[in-house]
Amino acid sequence: MSKPLTYQFSDDGIVPNNALPVVVYEGALDLGRSGNPAAAIEALFRSNGWGRDMWRNGVFPFVHYHSMIHEALGIARGHGRIQLGGHQGQVFDLKTGDVAILPAGTGHQKLSASDDFLVVGGYPPEGTYNLCRGDNPAERDKALQTIPRVPLPQSDPVLGTSGGLTDLWTR
């Protein structure tokens with residue numbers, strides 16, 4: 001597994017993003033021999049305290065963000081071009097075994113993906129799931145108030161309680 005990579009995205013006037021960086025682990029898991037790669041990611045997230053409300057699917061093809069909870073995205077199969085940071089953000093080519101951790105408020109959308117693209121999403125115990133699309137000024141105003149209050153997670157979905165988010169996300 002590679003060292004965690006961090007990316008910072010500023011408020012673009014539509015998507016608030018977060019002062020905390022996005023964290024990407026390229027090749028967090030070697031899923032080449034896994035008979036059930038989604039279950040392997042779920043087990044990793046669960047063992048590191050990010051097993052709340054997990055799901056298996058893709059990424060919405062429109063810019064959206066979650067203003068009340070942080071999110072981990074583990075790529076179980078295939079590859080996808082995912083834009084992080086909203087309309088002014090950066091495009092990432094995420095592939096099987098990669099994990100991206102998005103602090104609350106980080107815009108994200110799928111631009112394209114392979115037919116077999118499968119993502120496992122997971123959340124820490126703290127926070128409340130919501131979906132914001134950035135096209136409602138009242139929703140954005142509320143998000144600007146809630147994002148800084150989302151608790152910092154006690155663990156990293158890949159590394160657990162030592163390293164990763166526990167070192168990189170501070171206020």
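Please refer to the structure higher up on the page.
A brief report on the enclosed structure follows.

Cut-offs and rules
Residues numbered from 1 in each chain as written. Predicted model: local features only at pLDDT ≥ 70, side-chain atom pairs only at ≥ 80, totals over all residues. Heavy atoms only, no water. Core = buried A, V, L, I, M, F, W, Y, C linked by side-chain atoms within 4.5 Å. Buried < 20%, exposed > 50% of the residue type's maximum accessible area, 1.4 Å probe, protein only. Helix = DSSP H or I, 4+ residues; strand = E, 2+ residues; numbered from the N terminus. Contact = heavy atoms within 4.5 Å. Pairing = 2+ DSSP bridges. Axes fitted to C-alpha atoms, helices over the stretch in contact; angles between N-to-C directions. Arc of directions from axis to C-beta. Phe/Tyr/Trp six-rings, centres within 6.5 Å; stacked < 30°, edge-to-face > 60°. Lys NZ or Arg CZ within 6 Å of the ring centre and 35° of its normal. 1 Å grid on protein atoms, 1.4 Å probe; cavity = no way out; pocket = protein on both sides within 12 Å on 5 of 7 lines; lining within 4 Å. Points joined across faces, edges and corners; volume = space filled by probe spheres on them. Nonpolar A, V, L, I, M, F, W, Y, C, P; charged D, E, K, R; others polar. Salt bridge = Lys/Arg side-chain N within 4 Å of Asp/Glu carboxyl O.

1. What to know about the nonpolar core
Within soluble globular proteins, side chains that are nonpolar generally end up buried alongside one another. Counting residues in each nonpolar core, the largest one holds 20 residues, and the members touching the most others are Tyr25, Leu29, Ile41, Phe45, Val99 and Ile101. The set of elements that each furnish at least two residues to this core consists of β2 (18-25), α1 (37-47), β4 (71-77), β7 (99-102) and β9 (118-123). When near neighbours in sequence (up to four residues on either side) are disregarded, Val99 contacts Val23, Val24, Tyr25, Ala28, Leu29, Phe45, Leu73, Gly74 and Val158. Ranked by size, the runner-up nonpolar core spans 14 residues in total, among them Phe9, Val22, Leu94 and Ala100.

2. Some details on the sheet that holds strand β5 (residues 79-84)
Strands sit in the order β6-β5-β8 across an open sheet of three strands; the sheet is antiparallel. Single-partner strands in this sheet number two, and they are β6 (90-95) and β8 (108-113). Recorded for the sheet is a direction-independent mean angle of 30 degrees between the axes of neighbouring strands. Note: β5 against β8, five bridges, orientation antiparallel. Looking across to β8, one finds that Gln83 is bridged to Gln109.

3. Some details on α1
Every buried residue of α1 is listed here: Pro37, Ala38, Ile41, Glu42, Leu44 and Phe45. Each buried residue of α1 lies within a common arc of 160 degrees when the element is viewed along its axis, so the set occupies one face. In α1, the exposed residues that point more than 90 degrees away from the buried face are Arg46 and Ser47. Packed against the buried residues of α1 are β3 (52-57), β4, β7 and β9. With its phi angle positive at about 80 degrees, Gly49 sits one or two positions after the end of α1.

4. A short note on the packing of aromatic side chains
Per the stated rule, a full pass over the model turns up three aromatic pairs. Here the aromatic rings of Tyr7 and Phe92 are separated by 4.7 Å at their centres, their planes lie at 85 degrees, and the arrangement is edge-to-face. Within this pair, whereas Tyr7 is found in strand β1 (residues 5-9), its partner Phe92 is found in strand β6, the two being separated by 85 residues in sequence. Residue classification places Tyr7 among the partly exposed positions, given a relative accessible area of 21%. Here Tyr123 and Tyr129 contribute two aromatic rings whose centre-to-centre distance is 5.7 Å and whose plane-to-plane angle is 75 degrees, an arrangement assigned as edge-to-face. Of note, Arg133 hangs over the ring of Phe62, and the distance from its end group to the ring centre comes to 3.8 Å.

5. Re empty space enclosed by the protein
Counted by the stated rule, this structure contains one cavity of 30 Å³ or more. Forming the walls of the largest cavity are His66, Ile69, His70, Glu71, Leu102, Pro103, Ala104, Gly105, Thr106 and His108. Residues that form the lining of the largest cavity fall into these classes: four nonpolar, five polar and one charged.

6. Let's talk about the pattern of salt bridges
Oppositely charged side chains are able to pair whenever their charged atoms sit close together. Taken as a whole, this structure holds five salt bridges when the rule is applied. In this structure, the salt-bridge partner of Asp53 is Arg52, at a minimum N-O distance of 3.2 Å. Arg81 is paired through a salt bridge with Asp93; the nearest N and O atoms lie 3.3 Å apart. On the criterion of sequence distance, the pair formed by Arg81 in strand β5 and Asp93 in strand β6 is long-range, its members being twelve residues apart. You can call Asp93 exposed: its relative accessible area is 54%.

7. Overview of the sheet that holds β2
Strand order in the open sheet formed by six strands is β1-β2-β7-β4-β9-β3, and the pairing between neighbours is antiparallel. What marks the edges here is a single partner per strand, and that holds for β1 and β3. Between one strand axis and the next, the sheet turns by 20 degrees as a mean value, whatever way the strands run. Where β4 and β7 come together, four bridges link them in antiparallel fashion. Residue pairing across strands places Ala72 opposite Ile101, the latter belonging to β7. Set on the sheet, α1 makes contact with β3, β4, β7 and β9; between it and β4 the angle comes to about 155 degrees.

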